[in-house]
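Coordinate analysis (summary)
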Amino acid sequence: MRTDTPLIRLHNIEKTFTLGELDIEVLRGVSLNIERGEFVALRGASGSGKSTLMHILGLLDRPTGGHYLLQGEDVAGLPDDRLSALRNRLFGFIFQTFYLIPYVSALENVILPGLYSATPARHLRQRAEELLSQVGLADRLHFRPGQLSGGQQQRVAMARALLNDPQVLLADEPTGQLDSATSAEIMTLLETIHAQGRTVILVTHDAATAECAGREVLLHDGLVRNR
Amino acid sequence: MTVWSGIAEILTISWRCAAMARRALWAAKTRSLFVVIGVALGIASLTIIVAAIDGAERKANEMVQIFGPDAVLVLGGNIESRAVGQRTLTLSYDDAATLRRSLPGVYMVVPMRARSSVQVRYGGNVTQVPLVVGTSAGYARAWDWPLSEGRDLSEEDLRRGAKVGLIGDTVARELFGTRSPVGRTVLMDRFPLQIVGRLSYRGVTGGGGAVDDRIIIPITTLTQRFNMDRKYFRALRIKFHNPEYMAEHVANLRSLLRHLHGLRPEEPDDFSILTADEILKFLSTFKGGLILFLGVTALVAMVVGGFVLANLFYLSVDERRSEIGLKMALGAPRWAILVQILLEAVSLTLLGSVLGMGVGMAMGQLLARLGLLKILFSWKVFGFALFASLAIGLAFGLKPARRAASMAPIEALKGNT
């Protein structure tokens, strides 16, 4: 791994969805570098393509054009299971709607990404407990998601995102469903995570939220708007 | 990564997928229960079928063993045309004597007549004996039915029309308890009968009837004492040397009897010959019908169970799209998703098969108690049921599982197909 190349390098990324006869160009040539340890906000109105861009960044989706170099490696030709493994080790995800599994406890939700590796269960459990107490849920380990408030659920999701100690945290509108007080807590946690040396990429439509980030990338109609 | 650590990782992940499968199934209890019941019904019917066929086969062999592979039974009258009222008393003592003398390969000819429901008394004990059989000498030998004590009927008994008899085990017990019946005299109908031998316990035969509640006396005694036709009798048991030539023996027997009865070539037989082979043939026809009928039933039940499974799993995969998408987003490889869904399907069908075996055995017990079938637990059935349910789980679970594993992570996460 060379340290002089950017962690993430996007060159002319395009994404077109086909809906029947209709082609919808969501991304129309996005070029972007993100360095290690950055805190970047991807901001744009609804329909600007920011979520699609985040999915491509997080290897959840493949671009229809352009190049994505992750740690200097072009990910375009990699098979699905290799992408899964990269997601598993390199990225942590937080979503607007949390996506917790409703029928297992907070602790088991946090352990989930660790289950797809050979890491011993004992270590996973220990790490999950640590992470849950870091986000202030030490006394809620065995609660089901339905027994937790929205803010608590998002904190469980954050602990889950950090389980495999990823370099990059991708947060897609993490405060979109939360009230302002709870949102502030979540943003503080994001800053803490950034302060630990991780790269944080925050997707938001909200200018105030985006201000927490060190750099703001403004998306408009599938293109990065230069200022 | 070495090969071994790769394999270890795959095993670890698969094991964890199994745990996740268990949690997911438990979370959808009702649906899981439906699948289990669906499979269980199929396996239950399968269990009964295989056990029934096994039981029928065992019975058939038992019957043939009792009948004796070297024996034939000649019945008066033609079984096929008995319905039209043909007379059944066509076998005469002269026939028996001629057969004994002239039929090649024969070593025993035993005529038989019977009287049903005869009252027998000993001291204060009275019992109704369902069957008093009249026979010639050597009954025990002719029927391969060893005596537990005493002696067989002799030629001398027969000639004299002696008032002696062999006693079945059940009758002996009823009249004498634990005492030996041999040498004692009972009162049969209105004449005294000395018991000279006791037949060993044989139990229940294939037909379901008991054979131990009979008394055997010389056929001469029977006809004299009960005032029966002195010329004809109902059945004749013949035993041959060299049972491997049974077909030839039977052909000889048939042509000789036809000759003795003066039948013209166009006339049908006025007697019927039963051999062990014929009994087996009849039983295997019966068994074939059983297999076909029950087999179709079981197949339908299994296929229905399989479709229930496939449908419910499609539904389940559909409902859990975002959960599956999430797991993929968090780095689950596609094969792990496949493994989890398949494990869910297979564990439900395996559970169903064990339950189905239980239900099948219970129903079998019921049938056995009703005297219809005797069903025994067999490892063969158990193994087959497990294998069948495994196959159903894999076959019908594979499509939903592949569908789950082939979803695009982000579309699944958003809940789209």
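The present account deals with the structure reproduced in this document. Not measured: the values here are computed from a predicted model.

**A closer look at the overall build of chain B**
Check the secondary structure of chain B and you find 13 helices and 12 strands. Its C-alpha atoms give chain B a radius of gyration of 33 Å, clearly above 22 Å, the size a compact globule of 417 residues would have. Dimensions of chain B along its principal axes, counting C-alpha atoms only, are 100 × 60 × 45 Å. With 417 residues in all, chain B has 50% of them scored as buried. Looking at chain B alone, contacts between residues at least 24 apart form 77% of all its contacts between residues at least 6 apart. Of the accessible surface of chain B, which amounts to about 20400 Å², a share of 62% is contributed by carbon and sulfur atoms.

**Section: the packing of helix α2 (residues 29–67) of chain B against helix α9 (residues 276–319) of chain B**
Residue and element names in this part refer to chain B. Taken N-terminus to C-terminus, the directions of α2 and α9 make an angle of 170 degrees; their axes are 8 Å apart at the nearest point. With respect to α9, the element α2 is oriented roughly antiparallel. When grouped by side-chain class, the residues that make up the contact of α2 with α9 number 26 nonpolar, 7 polar and 4 charged.

**Some details on the packing of helix α4 (residues 121–134) of chain A against helix α5 (residues 150–162) of chain A**
Residues and elements named next belong to chain A. Two numbers describe how α4 lies on α5: the axes approach to 9 Å, and their chain directions differ by 135 degrees. Between α4 and α5, the crossing angle belongs to the class labelled oblique. Along this stretch, α4 crosses α5, giving a crossing that reads as right-handed. Here Arg-127, Leu-131 and Leu-132 of α4 come into contact with α5, specifically with Val-156, Ala-159 and Leu-162. Class assignment of the residues belonging to the contact of α4 with α5 gives a composition of 5 nonpolar, no polar and 1 charged.

**Here's the deal with the interface of chain B and chain A**
Across the contact, 27 residues belong to chain B and 28 residues belong to chain A. Both faces combined, the contact of chain B with chain A buries some 2400 Å², and carbon together with sulfur accounts for 62% of it. Of all residues in chain B, the largest losses of buried area upon contact with chain A belong to Arg-16, Arg-23 and Leu-330 of chain B, amounting jointly to 28% of the total for that side. At the boundary of chain B and chain A, one finds 2 salt bridges. Across the salt bridge formed by Asp-80 of chain A and Arg-334 of chain B, the nearest N and O atoms sit 2.8 Å from each other. At the boundary of chain B with chain A, the tally comes to 14 residue pairs in polar contact (both at pLDDT 80 or more). Every element with two or more residues in the side of chain B that touches chain A is listed here: α1 (3–27), α10 (321–329), α11 (334–369) and α13 (409–413) of chain B. A per-element tally of the side of chain B that touches chain A places α1 of chain B first, with 9 residues.

**Quick notes on helix α8 (residues 246–260) of chain B**
Along an α-helix, a turn takes 3.6 residues, which lines up residues three or four apart on a common side. All names here are of chain B. The end-to-end C-alpha separation of α8 is 21 Å, in line with the 21 Å expected for 15 residues at 1.5 Å each. Where α8 is concerned, the buried positions are Met-246, His-249, Val-250, Leu-253, Leu-256, Leu-257 and Arg-258. As for α8, its buried residues are in contact with β1 (71–76), β2 (91–92), α3 (93–102), β11 (235–240) and β12 (271–275). Trailing α8 by a residue or two, Gly-262 shows a phi angle of about 65 degrees, which is positive.

How each quantity is defined
Residues numbered from 1 in each chain as written. Chains lettered and ligands numbered in written order. Predicted model: local features only at pLDDT ≥ 70, side-chain atom pairs only at ≥ 80, totals over all residues. Heavy atoms only, no water. Helix = DSSP H or I, 4+ residues; strand = E, 2+ residues; numbered from the N terminus. Rg over C-alpha atoms; globule rule 2.2 N^0.38 Å. Buried < 20%, exposed > 50% of the residue type's maximum accessible area, 1.4 Å probe, protein only. Contact = heavy atoms within 4.5 Å. Areas by Shrake-Rupley, 256 points an atom, 1.4 Å probe, with all protein chains shown as cover. Axes fitted to C-alpha atoms, helices over the stretch in contact; angles between N-to-C directions. Parallel < 35°, antiparallel > 145°, perpendicular 65-115°, else oblique. Nonpolar A, V, L, I, M, F, W, Y, C, P; charged D, E, K, R; others polar. Left-handed = near helix turned anticlockwise from the far one by under 90°. Buried area = accessible area lost by both parts, 1.4 Å probe. Salt bridge = Lys/Arg side-chain N within 4 Å of Asp/Glu carboxyl O. Polar contact = N/O pair within 3.5 Å; in protein donor to acceptor, adjacent residues only side chain to side chain. Expected span 1.5 Å × (residues − 1).

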